[in-house]
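A look at the structure
Residue-level listing of the chains:
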Amino acid sequence: MSAEAVVARGLADAAPVTLAELDATAALQTRVDRKYVLTPAEVATLLATLAPREPRVLEIDDERSFTYASTYYDTADLLTFRLAARRRRRRFKVRTRTYVDTGNTTFLEVKTRAARGVTVKERRPWEPAAPLDGEGLDFVDDRLAAARLDAPPSAQLSPVLRSAYRRTTVLLPDARLTLDTGLRWRLAGPGATTGTAGTSGTAGTADVGDLVVVETKAGTAPSSADRALWHAGHRPDRISKYATGLATLRPDLPDHPWRRLRRERLAAA
């Protein structure tokens, strides 16, 4: 059974929640994110444990799993990647995210890391596949300045990596939980086909096989999902859809924060 099928089966009896209700109750643009890379069997156990807490699943037009596509921007010397690789507290990420199954709705997003590991995400509507220019550059510069980050002008940013995956979103009483399956990466921009194959990909592409990236999004206190995972022996994994993907495809780059995950989990995918 595929990872996506395991997720669907584990949440088959969960009540639906609409996008409007989800946004109203758990928009969580400022939050603490904790990520776990699990096998399908481990996900099945987690969902069975959470069942008594009456999880609700985002449902749109009778669908519960949706394709997300992101493009990550960085400088020519990969500043945002290197900030992540060096575990700098004050770092940022710029991307576009497209909700493929809901009319290709796209947002330009700026994510910054604030005090105590809190992630702040700010976004504005954007045209699918539009270049980062004009109002987009102004938006990025404004948000980075507001976060008091010493960042270069956004005009120096260009596409570096693209990712895609299927996401199921769960609303818990104390958190939002996302389960991402089918995660795959491909290089963008000049030299996009020259990367070394990683996991089960070919040159310039990589994927995580049947592994599931589970993410809890809550306040500073651990959520019920975090506690269930910890009780089962799991601890948060260091994985970034941007930095881990780029390190996988570019073995010339530093990968220390994600090396253990890549060797113990992703290499076997």
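Before reading on, note that the structure itself is shown above.
Because the structure is a prediction, the values reported are computed rather than measured.

**Details of the pattern of salt bridges**
Considering all chains together, one arrives at 21 salt bridges under this definition. A salt bridge links Asp-101 to Arg-166, with the shortest nitrogen-to-oxygen separation between them at 2.9 Å. Placement of Asp-101 in the loop between strand 5 (92-99) and strand 6 (105-113) and of Arg-166 in strand 8 (residues 158-172) is noted, with a sequence separation of 65 residues between them. Here Asp-101 falls in the partly exposed class, since its relative accessible area comes to 41%. Owing to a relative accessible area of 24%, Arg-166 belongs among the partly exposed residues under this scheme. Glu-122 is the partner of Arg-143 in a salt bridge, and the nearest nitrogen-oxygen pair spans 2.7 Å. Remark: Glu-122 occurs in strand 7 (residues 119-126) and Arg-143 occurs in helix 5 (residues 135-146); sequence separation between them is 21 residues.

**Considerations on the packing of aromatic side chains**
Under the definition given, this model contains five aromatic pairs. Residues Tyr-72 and Tyr-242 carry aromatic rings whose centres are separated by 5.3 Å and whose planes lie at 20° to one another, so their mutual orientation is stacked. Of this pair, Tyr-72 sits in strand 4 (residues 66-74) while Tyr-242 is found in the loop between helix 6 (224-231) and helix 7 (243-249), placing the two residues 170 residues apart along the sequence. The same class applies to Tyr-72 as to Tyr-242, namely buried. Linked through ring pairs, Tyr-68, Tyr-99, Phe-107 and Tyr-165 together constitute an aromatic cluster.

**Topic: the environment of Ser-223**
Note on placement: Ser-223 falls in the loop between strand 12 (212-218) and helix 6. Taking C-alpha positions, Ser-223 is 25 Å from Val-110, a pair spaced 113 residues apart along the chain. Setting aside anything within four residues of it in sequence, one finds Ser-223 in contact with Asp-174, Ala-175, Thr-216 and Ala-218.

**So, helix 1 (residues 3-10)**
When helix 1 is considered as a whole, its buried residues turn out to be Ala-3, Val-6 and Val-7. Here the buried residues of helix 1 occupy an arc of 100° about the axis, which is enough to place them on one side. Residues of helix 1 that are buried in the fold lie against helix 3 (40-50), strand 8, strand 9 (175-187) and strand 12.

**Some thoughts on helix 3**
By the burial criterion, the buried members of helix 3 are Pro-40, Val-43, Leu-46, Leu-47 and Leu-50. Axial view of helix 3: buried residues confined to an arc of 115°, hence all on one face. Turned more than 90 degrees off the buried face of helix 3, the exposed positions are Ala-41 and Ala-48.

The rules behind these values
- Residues numbered from 1 in each chain as written.
- Predicted model: local features only at pLDDT ≥ 70, side-chain atom pairs only at ≥ 80, totals over all residues.
- Heavy atoms only, no water.
- Salt bridge = Lys/Arg side-chain N within 4 Å of Asp/Glu carboxyl O.
- Helix = DSSP H or I, 4+ residues; strand = E, 2+ residues; numbered from the N terminus.
- Buried < 20%, exposed > 50% of the residue type's maximum accessible area, 1.4 Å probe, protein only.
- Phe/Tyr/Trp six-rings, centres within 6.5 Å; stacked < 30°, edge-to-face > 60°.
- Contact = heavy atoms within 4.5 Å.
- Arc of directions from axis to C-beta.

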